[in-house]
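As a plain string of letters, each chain reads:
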Amino acid sequence: LELAGRRFSCVRKIFPLSLWRDVHMTMGLSAITFVTLGATVFCVMMLTAMGKSTPFAGLSGDPNFANFFDLNANVLYLRQLLLPAVPLLLLMKYAGRGPPLFLQKYGPTFITKWYWEICYFFHYVVAFTAIIMLVLYRPQVFYWMGATWGFLYGGNKIVRILRTRKCTVKHAQMITYTIEDKRNNAKKRSDVLRLTINVPKSFPDTARGQAVWLLVPEVDYFAHPFTIAKTPTPNDSTITLHIGVKYLAGDDIISYARPDQRSFRSPMNQKPMDNGGGLPPGWKTAMDPESGQTYYYNSAMRRTTWNRPQETGFDKLRALTGRFSTNIMNRNSTSTALDLTATSAGVRGAANTSRATWTQKMAKLGEKITSMDPDLRRNANKDYPIYVSAPLGTSMDDSLIPSLPGSVIISTQNGLPAAESSVRWLLAQPKENRPKFHFFVSVSREVNDALSVLETLRDSMIEAVKKGHISIDGLNPRHSHMADWLGVYINLSRRRPDQIEGDRDMLLRSMNPPSTQISRAKLDMIETWLRNRIQPGRLKFDRFLKRVSEMVKKRTGEDRVAVGYCGSSKVAYAIRKAAAEVKNMSFDGEYI
């Protein structure tokens with residue numbers, strides 16, 4: 001059904017792809033309930049049999065107490081063995097949020113670094129172990145489970161292997177933004193790696209809104225999914241990925257501002273807290289340029305203070321576990337021909353390999369290959385291959401049919417690159433190849449998530465203006481919701497109205513110069529219009545889609561509108577429900 005749903009829109013209407021997440025989680029929760037209830041019955045019946053020295057529960061065929069711990073005789077004992085491990089299935093639900101705060105502060109480095117991989121590994125091990133044990137000791141009951149799991153899992157892996165191609169890096173560009181983190185009183189960097197990959201002619205067909213699996217043996221042997229930001233064309237056999245560079249806690253901080261004045265205490269009037277002449281691990285000193293006073297900051301804990309910090313028992317424990325995990329990582333690491341941890345101009349990396357995330361290593365590798373001369377690069381592409389697996393997910397093409405009076409693309413978080421590729425394609429099309437009106441909606445949590453979207457929109461609009469695909473004559477950049485046939489809505493869900501003016505200015509300052517030249521007046525008009533399209537808070541999808549339908553009907557006389565979505569399944573439910581309440585509005589093309 002899932003394979004059919006990704007290929008045929010009629011199947012998606014009956015069973016939307018976003019519901020597969022619920023099916024998967026329901027199976028996991030049912031397994032946990034099944035095992036927990038069986039283990040509880042086992043404990044109760046074992047105590048009963050111990051008191052009576054008879055077969056427990058008086059059921060025919062139940063084992064005597066002597067056979068309680070025989071897996072073949074007592075299936076409840078099997079569930080008792082699985083009970084401690086089965087709750088680990090829930091780890092994957094919270095793995096994407098990162099390690100808990102306590103673990104970030106005091107846990108070993110190798111756990112905080114590989115937290116997602118550890119959760120993923122335990123999730124699979126527990127699921128496989130449970131199924132294998134059930135099939136092994138109760139084949140007459142659970143044989144269908146093993147056969148089904150093996151067919152689906154094995155078939156999925158075989159299809160992925162057959163659709164994997166060996167590719168090479170054509171170009172890697174690091175886009176660096178500086179953002180102001182007022183909550184932590186610091187300036188941070190937000191880097192996006194724009195990776196262009198050469199794909200062979202045999203590469204499977206891809207469409208806007210789909211994703212690929214990326215495996216780079218030089219970095220690690222895990223396959224990582226990324227949404228395609230640019231699909232291959234007949235004249236350009238490349239794909240482009242926008243990879244956000246993720247840093248460990250504190251590594252993305254450029255500088256700290258002075259500590260809050262409300263907590264100011266002059267060090268000269270306060271007795272220093274001496275702990276043996278040194279600072280606790282992670283703490284450093286800095287000089288405030290305004291007052292000349294010394295303050296202390298900790299990048300990992302994201303704290304600043306005027307008071308000299310004192311080492312605690314937790315700090316000593318963290319130092320001990322940090323040294324232990326560093327020794328393990330150094331002992332297991334091997335030297336390679338390419339130094340992936342060397343600091344380069346575009347990526348801020350630590351000297352220690354264990355301090356670099358996968359995206360940091362990938363960024364260094366891309367920059368290393370890009371900076372080589374052509375002769376060395378050919379050898380580097382052979383030495384450092386990239387394996388790209390076939391595209392997955394639903395295409396956005398169903399929402400971009402030229403005969404449509406109106407279309408809407410909504411994106412959140414991990415779906416932003418797919419939406420960017422769609423709007424970039426639309427702005428490059430003449431009037432006859434696109435819907436009459438299009439609305440682009442981007443919902444992000446933080447300010448830095450909107451940087452790449454804003455820059456892509458600006459550059460694509462500049463190229464469209466030069467080609468005549470969109471007109472900005474007579475555009476009121478401060479009050480207009482539409483620029484010709486294009487509407488843009490950028491919402492920052494975690495920002496307040498009193499913060500949005502500063503966020504708008506910061507976003508415009510952080511953008512890189514446009515790649516295409518245009519007159520200063522038109523550039524200012526485009527940037528001012530995009531600036532005023534940034535709004536705080538969440539977007540009310542029901543009201544928004546009703547307004548879109550009314551506007552399209554007023555201008556075209558028709559009310560047919562297609563809605564495509566890229567992002568998490570939680571938002572997909574709200575959009576699907578809102579679209580179902582509007583006449584002649586279809587919701588399709590979501591990629592979860």
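The rules behind each value
- Residues numbered from 1 in each chain as written.
- Predicted model: local features only at pLDDT ≥ 70, side-chain atom pairs only at ≥ 80, totals over all residues.
- Heavy atoms only, no water.
- Helix = DSSP H or I, 4+ residues; strand = E, 2+ residues; numbered from the N terminus.
- Buried < 20%, exposed > 50% of the residue type's maximum accessible area, 1.4 Å probe, protein only.
- Contact = heavy atoms within 4.5 Å.
- Areas by Shrake-Rupley, 256 points an atom, 1.4 Å probe, with all protein chains shown as cover.
- Pairing = 2+ DSSP bridges.
- Phe/Tyr/Trp six-rings, centres within 6.5 Å; stacked < 30°, edge-to-face > 60°.
- Lys NZ or Arg CZ within 6 Å of the ring centre and 35° of its normal.
- pLDDT = per-residue confidence, 0-100.
- Core = buried A, V, L, I, M, F, W, Y, C linked by side-chain atoms within 4.5 Å.

**Some words on the overall build of the chain**
Here is step 1 of the chain: Looking only at helices and strands, the chain features 18 helices and 17 strands.
Here is step 2 of the chain: Taken across its 592 residues, the chain has 46% of its residues classed as buried.
Here is step 3 of the chain: If you take every contact in the chain between residues at least 6 apart in sequence, the share linking residues at least 24 apart comes to 72%.
Here is step 4 of the chain: About 30,800 Å² of surface is accessible on the chain, with carbon and sulfur atoms providing 56% of the total.

**As for the pairing of strand β3 (residues 211–215)**
Here is step 1 of the chain: Most of β3 sits inside the fold, with four of its five residues counted as buried.
Here is step 2 of the chain: Here β3 pairs with strand β4 (residues 224–230) via four bridges, running antiparallel. Residue pairing for β4: Val212 is matched across the bridge by Phe226.
Here is step 3 of the chain: By the bridge criterion, four bridges tie β3 to strand β10 (residues 386–392) in an arrangement that is antiparallel. Across the sheet, the residue bridging to Ala211 is Leu392, located in β10.

**Remarks on the packing of aromatic side chains**
Here is step 1 of the chain: Within the structure shown, the criterion is met by four aromatic pairs.
Here is step 2 of the chain: Pairing Phe121 with Phe122 gives two aromatic rings, centres 5.9 Å apart and planes at 70°, and the pair type is edge-to-face.
Here is step 3 of the chain: For Phe122, a relative accessible area of 35% gives the class partly exposed.
Here is step 4 of the chain: In this arrangement the basic side chain of Arg434 is found over the ring face of Trp485, its NZ or CZ atom lying 4.0 Å from the centre.

**Observations concerning the pairing of strand β12 (residues 437–444)**
Here is step 1 of the chain: In terms of burial, β12 is largely enclosed, as eight of its eight residues are buried.
Here is step 2 of the chain: Neither face of β12 is open: one carries Phe437, Phe439, Val441 and Val443, the other His438, Phe440, Ser442 and Ser444, and all of them are buried.
Here is step 3 of the chain: Both β12 and strand β14 (residues 486–492) contribute to a ladder of seven bridges, which runs parallel. Paired with Phe439 across the bridge in β14 is Gly487.

**Regarding the confidence of the model for the chain**
Here is step 1 of the chain: In the predicted model, the chain carries a mean pLDDT of 75, and the fraction of residues at 70 or more is 74%.
Here is step 2 of the chain: Contacts from residues 260–277, a stretch scored under 50 in pLDDT, to residues over four places away or in other chains number 21 contacts.
Here is step 3 of the chain: The low-confidence segment residues 321–353 (pLDDT under 50) makes 56 contacts with residues lying over four places distant or belonging to another chain.

**With respect to the side chain of Ser422**
Here is step 1 of the chain: Secondary-structure assignment places Ser422 in helix α13 (residues 416–427).
Here is step 2 of the chain: For Ser422, the residues in contact, after removing those within four places along its chain, are Arg208, Met396 and Leu400.

**Some thoughts on the nonpolar core**
Here is step 1 of the chain: Ranked by size, the top nonpolar core spans 65 residues in total, and within it Val408, Phe439, Met461, Ile470 and Phe544 carry the most contacts.
Here is step 2 of the chain: With eight residues, helix α14 (residues 451–467) is the largest single contributor of residues to this core.
Here is step 3 of the chain: Residues within four places of Ile470 in sequence aside, it is in contact with Leu427, Met461, Ala464, Val465, Ala483, Asp484, Trp485 and Leu486.
Here is step 4 of the chain: Formed by 28 residues, the second largest nonpolar core is a distinct cluster that contains Val169, Ile243, Ala363 and Ile386.

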